[in-house]
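Structural characterization, general
Read off the chains here:
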Amino acid sequence: MIVGATSGIGEGLARRYAEEGQVKVGIMGRRAGRLKGLCRLRPEVFEAEVCDVTDLERVEASLERLAARMGGLDLLILSAGTGDLNPLLDYGVERAALETNVLGWTCVADWAVRRFERQGRGHLAAITSAGGLRGSGAAPAYSATKAFQMNYLEGLRQRLQGKNLPVCVTDLRPGFVDTAMAKGEGLFWVASVEEACRHIMRGIARRKDVVYVTRRWRLVAWFYRRIPGWLFKRMQG
Ligand SMILES: NC(=O)c1ccc[n+]([C@@H]2O[C@H](COP(=O)([O-])OP(=O)(O)OC[C@H]3O[C@@H](n4cnc5c(N)ncnc54)[C@H](OP(=O)(O)O)[C@@H]3O)[C@@H](O)[C@H]2O)c1
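Residues numbered from 1 in each chain as written. Predicted model: local features only at pLDDT ≥ 70, side-chain atom pairs only at ≥ 80, totals over all residues.

**Some thoughts on the overall build of the chain**
A tally of helices and strands in the chain yields eight helices and nine strands. Dimensions of the chain, computed from the C-alpha atoms along their principal axes, are close to 55 × 40 × 35 Å. For the chain, the proportion of its 237 residues judged to be buried stands at 38%. Taking contacts inside the chain between residues at least 6 apart in sequence as the whole, the part at least 24 apart equals 63%. (Helix = DSSP H or I, 4+ residues; strand = E, 2+ residues; numbered from the N terminus. Buried ≥ 20, exposed ≤ 12 C-beta atoms within 10 Å, placed from the backbone. Contact = placed C-beta atoms within 7 Å.)

**Here we look at the pairing of strand β2 (residues 25–29)**
Most of β2 is tucked away, with five of its five residues classed as buried. The side-chain alternation of β2 yields two buried faces, one formed by Val25, Ile27 and Gly29 and the other by Gly26 and Met28. The pairing of strand β1 (residues 2–3) with β2 spans two bridges and is parallel. Opposite Val3, over in β2, you have Met28 as the bridge partner. Between the parallel elements β1 and β2, the chain passes through helix α1 (residues 8–20) in a crossover that is right-handed. Inspection of the sheet shows β2 paired to strand β3 (residues 46–50) by five bridges, in the parallel sense. The residue bridging Met28 from the neighbouring strand is Glu49, located in β3. For the crossover from β2 across helix α2 (residues 32–41) to β3, the handedness is right-handed. (Pairing = 2+ DSSP bridges. Right-handed = clockwise from strand over helix to strand, strands pointing away.)

**Overview of the site of the ligand**
The immediate surroundings of the ligand are formed by 28 residues, with Thr6, Gly8, Gly81, Thr179 and Met181 found nearest. Elements with a contribution of two residues or more to the shell around the ligand: α1, α4 (91–119) and β7 (176–177). Looking at the shell around the ligand element by element, the count peaks at three residues for α1. Here the shell around the ligand is built from residues that sort into 10 nonpolar, 15 polar and three charged. (Near = placed C-beta within 6 Å. Nonpolar A, V, L, I, M, F, W, Y, C, P; charged D, E, K, R; others polar.)

**Things to note about the packing of α1 against helix α6 (residues 193–205)**
Packed helices, taken two at a time, are described by the angle their axes make and the gap between the axes. At a minimum axis separation of 9 Å, α1 and α6 run at an interaxial angle of 65 degrees. Between α1 and α6, the interaxial angle falls into the category roughly perpendicular. Our pair here, α1 against α6, has a crossing hand that is right-handed. Residues Gly8, Ile9, Gly12, Leu13 and Arg16 of α1 form the contact with α6, whose participating residues are Val193, Glu194, Ala196, Cys197, Ile200 and Met201. (Axes fitted to C-alpha atoms, helices over the stretch in contact; angles between N-to-C directions. Parallel < 35°, antiparallel > 145°, perpendicular 65-115°, else oblique. Left-handed = near helix turned anticlockwise from the far one by under 90°.)

**With respect to the sheet that holds strand β9 (residues 210–213)**
Within the open sheet, the seven strands sit side by side as β3-β2-β1-β4-β5-β6-β9. Their pairing is parallel. Each edge of the sheet is formed by a strand with only one pairing partner; in this case those strands are β3 and β9. Sheet strands in contact with α1 are β1, β2, β3, β4 (75–78) and β5 (122–127), and its direction is about 165 degrees off that of β2. Against the sheet, α2 engages β2 and β3, with an angle of about 175 degrees to β3.

Bear in mind that shape data such as this cannot, by itself, settle questions of function.
This is the structure we're talking about:
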């Protein structure tokens with residue numbers, strides 16, 4: 001199941017898993033037209049459910065319905081996310097990131113982990129961001145919510161370790177990927193959606209804890225994390 005499958009990396013993953021052909025692929029997102037378009041390509045493979053993850057009253061029921069139509073759930077990929085550059089520090093922009101990347105995101109992640117614990121196996125893979133490793137002056141809520149997600153996934157992994165179950169949690173951390181989400185000046189090492197999906201699918205198949213997308217971003221992350229605070233605050237966000 002892919003949550004946030006109506007564009008970008010989520011849609012790319014949906015198409016690639018569908019090409020593998022041996023599994024049902026559940027796709028969830030806000031835009032019914034885009035979901036229908038995908039279903040038309042492979043009606044025997046795709047099952048779709050329209051859902052906005054910020055609609056907290058409905059999210060769990062939508063996830064249950066989709067999983068039931070798929071006939072079970074082995075892997076949930078959580079790609080839905082939002083965030084904008086916010087030079088005016090407009091609270092509306094920050095709030096949208098908080099509602100999607102924290103409230104809606106946690107509702108989906110918790111539902112998946114509870115389900116996997118009940119069934120005794122499963123895999124949650126969530127797309128966070130290398131941008132969540134430090135604060136960002138240009139998009140404070142985006143970087144902070146991605147930090148929340150990385151921290152939350154680490155917590156889930158620790159919880160599951162204690163239960164000794166074959167339930168896996170993968171934190172997928174892209175640098176820049178060529179989608180609507182890649183915003184701002186001076187982008188570098190921008191991966192195509194195809195390249196990003198290949199890396200993500202390999203990381204998931206290997207049941208990794210943390211995957212940088214692409215691998216060279218592990219190096220960036222290493223340096224990024226070590227920049228001292230006094231220097232970091234002087235850098236352009
Ligand atoms: N592209 C990058 O450079 C980059 C870098 C690091 C991390 N990421 C992360 O990768 C993930 C996928 O982003 P992308 O690059 O593929 O950009 P994208 O094309 O903008 O995809 C974002 C997806 O999230 C969905 N979404 C947003 N809010 C939602 C909500 N409330 N309920 C349900 N779905 C919602 C969007 O749905 P709609 O189609 O309805 O808008 C869209 O399908 C995001 O979590 C993003 O933070 C991307």
